[in-house]
Amino acid sequence: MPAIQTKAAPAFHKTAETSAPGAKTLPQRYFVSPEVFAQEQRKIFSGQWTLVGHQSQIAKAGDYFISQVAGESLIVVRDKRGEIQGFYNVCRHRGSRLVENRSGHVSAIQCPYHAWTYGLDGRLVGAPHMDDVPGFDKADYPLHAVHLGLWEGFIFVNLADSPNPLPKWFATVAGKFSRWNLPALRSEKRIKYDVQANWKLIFENYSECYHCAGVHPELSKISPSDSAENDLTEGPFLGGFMRIARDKSLTMSSKACALPVGDFGNEDFRFVFYYSIFPNMLLSLHPDYVMVHQLEPQSPERTLILCDWFFHPDAFNRDDFRPDDAVEFWDMVNRQDWHVCELSQEGIGSHAYAPGPYSARESIPAAWDEYYLRQMS
Amino acid sequence: MPAIQTKAAPAFHKTAETSAPGAKTLPQRYFVSPEVFAQEQRKIFSGQWTLVGHQSQIAKAGDYFISQVAGESLIVVRDKRGEIQGFYNVCRHRGSRLVENRSGHVSAIQCPYHAWTYGLDGRLVGAPHMDDVPGFDKADYPLHAVHLGLWEGFIFVNLADSPNPLPKWFATVAGKFSRWNLPALRSEKRIKYDVQANWKLIFENYSECYHCAGVHPELSKISPSDSAENDLTEGPFLGGFMRIARDKSLTMSSKACALPVGDFGNEDFRFVFYYSIFPNMLLSLHPDYVMVHQLEPQSPERTLILCDWFFHPDAFNRDDFRPDDAVEFWDMVNRQDWHVCELSQEGIGSHAYAPGPYSARESIPAAWDEYYLRQMS
Amino acid sequence: MPAIQTKAAPAFHKTAETSAPGAKTLPQRYFVSPEVFAQEQRKIFSGQWTLVGHQSQIAKAGDYFISQVAGESLIVVRDKRGEIQGFYNVCRHRGSRLVENRSGHVSAIQCPYHAWTYGLDGRLVGAPHMDDVPGFDKADYPLHAVHLGLWEGFIFVNLADSPNPLPKWFATVAGKFSRWNLPALRSEKRIKYDVQANWKLIFENYSECYHCAGVHPELSKISPSDSAENDLTEGPFLGGFMRIARDKSLTMSSKACALPVGDFGNEDFRFVFYYSIFPNMLLSLHPDYVMVHQLEPQSPERTLILCDWFFHPDAFNRDDFRPDDAVEFWDMVNRQDWHVCELSQEGIGSHAYAPGPYSARESIPAAWDEYYLRQMS
């Protein structure tokens, strides 16, 4: 595949499948302990850049959606200047939730309890009868904001007081995904999964295809499970690519279901790229669609997963647009994965569980564990 | 309204709406901490006079109902001398629940397990085969009693060993409600609500009408939200009154739905009185009915509420008796309140929550918080 | 009944109903404390021989069932040499559950995640791609085994590292039940009950018929509640027998529902024997069937109970086989018992609960408590 090797930036050169000699799975406590979970919420989900959505979800000023990060309800809204803002969904008066719907459109944010009103930029603009309170100044009570940034069209928030700047965080993969056109894509479908497994099992599962032959017979037929090659092998961004059989696509019909998402030239670009973006994003880049999993850990033993299927904006109005062909395919594969993740969660809870040996085909799960442990130390 | 000012005892004179300067809502832990909740159960609900019902519920000897106080199941029963007794619903033999139904009529209290039998005064009167046990004396095994008293026809219990006498507790409001005829009233309807909010949010919500314009449009039309005046402004009993529009009543039809509950003379007595009786009673006195909320805190984040609508005993058999007109109205208003209480509970759980400033219209919630904090210190 | 006294081994001689003078029920913490429950799981259910099933459930090599002991999922399987083996249901690779169905037939145990394969003797026989891992040796990764033994055809496991040998444990009752033919019997029906009561309340309930007159009117009609005599009165195995009315059986129709399970000669063997086998078996021996309760404590306040009805293997194909006649009878009696156990659980949770006095008819519950306390000390 020389065509790819020259066009890809950085190069998708084949790397040796290596893992630390003797790498083993994580000890039990990382999957069951409420204390470890609380530490993760604090060190990872409250202190690092976390995916909450895509800019196309709130295209116009006043569009908003609600996201859950580290147990917090956040309002993500496009303000009147067109900028995206993030606020805690908590009134400064008596603490009420401000917004109840998962998404919608507003001209201002008004509390349903006592009608305190905030602008889309978070400033308190109305507080009935508070002028009678000596010393009360509306300027002292804006909504609590969260840091927010965009990468490739995706919206990330960071609950830390002084976060690492977003561009610095993504520096090592700057430009790497540019040909997929990610900022311009639009999601056609979202499915929400409620998985009874620790969030790390979802990452470890995503990061290897050792299980594909047995767990995903339909997938393996179109994309051979031994074709995996990795090009990001350490740090917060991990993954690589697999071959798709000639003239096929990862759909129920095995045929492409939409316009190519990006500009792949004339080549027969039959690859699928799978990357895990620490700590809560799985990015699957297909020729004809992009699938994104957004994880919301709920407890040591439960994870909510929002899965979106993105397509080229021009694809939507064409006669050959058959998004369900991809959605149904991955909904089937997703459920196969969640099932084995849930089985792992059950077994790891046993006194008989002890860390087991990773194979050479599990070098990415091993690298993911290693990066994770560094964040927790 | 001079007629009222002269008739009311004590006087419903207008008081200034004052709150401690800078009064703010309670810190987060008071709404979410299991430790605070356990402390409340011990210091407040196990040590103070708590509403369990009204004497009309058990009119005849042998009538009983079961009540939950501080996690305890209590049997409240009228004994053969006509006195009301309260007992823990626990057999002295092997600890079984004695009574399973919520209410009913018995001639004695017999354990469903081994048929130990207690009189309505709590004495053990039958214990099969126990005579064979050396030293066993039935007199040693009466039911465990709780202190019980009546105020204005309402039944209160106190789980403390040596409680403050009931008349002393209610001394400051002795006679204040006499014209409403409370001991003689009867409940026509009880609705049980399961609210996902801390019990204190229910009190704070009840204690102000700052939220009425936005939350209760139907109520505000009949009883203007800016007509509130308070006459009990500190201590365990708090509240005041609001005007009802001329010739109206707080019902779906806006018309009176029953005989007046009390003796209001010839005046057009268009007022509704709202009082919170610490720690678990809300007393709403209307011209044509009396509504009582009885709170049973279940956890920091959950409260059961029994709401009763009481009417004059002579009203029940009259053609003009339309109790549903009031019940439907307040069922609607209640649900509007529970909803904003639940929104508050959600928001207060956030790391972003901090005590917010009370307005002048929230002087009673501020006074309630102050009295509560004194009980907990 | 001299015929019985001479045939029974050891003799079912009448013993005096004695209990330690002043014996009382256990303190509250034994029924509600998570700490006590954790201690029980460790000291009793992880360290003693625990019933998991009967050998007839896995008659052929490859037959298996899953059992829950002390929160652990165990695979109980008959291997190719015909021996019964017990393994933790946990893959040595990444900890996945291996077997999902409650029972079935397999030729090997293959992990559903990455297809690691174990023989029925637990040896790892297949691990794809692991040969690439330096130093990996399949011999190092057999399934974790548990100790397992048979008594009277029933399968017991012991999670301890070096358990007391099974024959030694059962030495005091060796041969006692031989005439009931237990190893040869087969279960015709299993009912699973989910009881909201501590497991010890189930034992205490089973161990006396003081409650029968009130709780079990149908049972008492056929088997008089005052006919109970005990012949095992201390230690881990406790119980005795009760008379069955002449020509009757404990069935809905009051008639025998199957061939006699054992060899009772010509005598009119109208007795039912009730024994509790510490810590999780209740063994009820009837002339025409054997009922076994297998307890699986889930929390201080919840117990799963599997109840099986066993019959003579020759009974199954006969025209006079009416197993439902017994099943329906005991399903009714079981539910009566679970109900009073649940009432006890509720009442014991009260602050007002204190240990109460056992009667002379509750000498076996008292003996059971005494043995239990010795295991916990």
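None of these values were measured; they are calculated from a predicted model.

Draft legend 1. Highlighting the pairing of strand 10 (residues 154-158) of chain C. Residues and elements named next belong to chain C. The element strand 10 is largely enclosed, with a buried count of five among its five residues. Going residue by residue along strand 10, you find Phe 154, Phe 156 and Asn 158 tucked away on one face and Ile 155 and Val 157 tucked away on the opposite face as well. Direction of pairing for strand 1 (residues 50-54) relative to strand 10: antiparallel, over a ladder of four bridges. In the strand pairing of strand 10, Gly 53 is matched with Ile 155. Note: strand 9 (residues 147-151) against strand 10, five bridges, orientation antiparallel. Within strand 10, the position partnered with Leu 148 by the bridge is Val 157. Counting the residues in the hairpin turn of strand 9 and strand 10 gives two residues, including Glu 152, whose phi is positive at 55°.

Draft legend 2. Broad picture of the domain arrangement of chain A. Residues and elements named next belong to chain A. Partitioning chain A into structural domains gives domain 1 (2-47 + 183-376) and domain 2 (51-163). In this structure, domain 1 and domain 2 have C-alpha centres spaced 32 Å apart. If you list the elements that add at least two residues to the side of domain 1 that touches domain 2, you get helix 3 (34-45), strand 11 (186-195) and strand 16 (290-299). Broken down by class, the residue content of the side of domain 1 that touches domain 2 amounts to four nonpolar, six polar and two charged.

Draft legend 3. Molecular detail of the interface of chain C and chain A. Counting residues at the interface gives 22 residues for chain C and 21 residues for chain A. Class assignment of the residues belonging to the side of chain C that touches chain A gives a composition of ten nonpolar, seven polar and five charged.

Draft legend 4. Region of the structure containing the packing of helix 5 (residues 199-206) of chain B against helix 8 (residues 323-348) of chain B. Residue and element names in this part refer to chain B. Remark: helix 5 packs on helix 8, axes separated minimally by 10 Å, with the N-to-C direction vectors making an angle of 125°. One way to sum up the angle between helix 5 and helix 8 is to call them oblique. Here the hand of the crossing between helix 5 and helix 8 comes out right-handed. From helix 5, Leu 201, Ile 202 and Asn 205 reach across to helix 8, where they touch Asp 337, Val 340, Cys 341, Ser 344 and Gln 345. Each residue belonging to the contact of helix 5 with helix 8 can be placed in one class, and the counts come to four nonpolar, three polar and one charged.

How each quantity is defined
- Residues numbered from 1 in each chain as written.
- Chains lettered and ligands numbered in written order.
- Predicted model: local features only at pLDDT ≥ 70, side-chain atom pairs only at ≥ 80, totals over all residues.
- Buried ≥ 20, exposed ≤ 12 C-beta atoms within 10 Å, placed from the backbone.
- Helix = DSSP H or I, 4+ residues; strand = E, 2+ residues; numbered from the N terminus.
- Pairing = 2+ DSSP bridges.
- Domains from an automatic or database assignment.
- Nonpolar A, V, L, I, M, F, W, Y, C, P; charged D, E, K, R; others polar.
- Contact = placed C-beta atoms within 7 Å.
- Axes fitted to C-alpha atoms, helices over the stretch in contact; angles between N-to-C directions.
- Parallel < 35°, antiparallel > 145°, perpendicular 65-115°, else oblique.
- Left-handed = near helix turned anticlockwise from the far one by under 90°.

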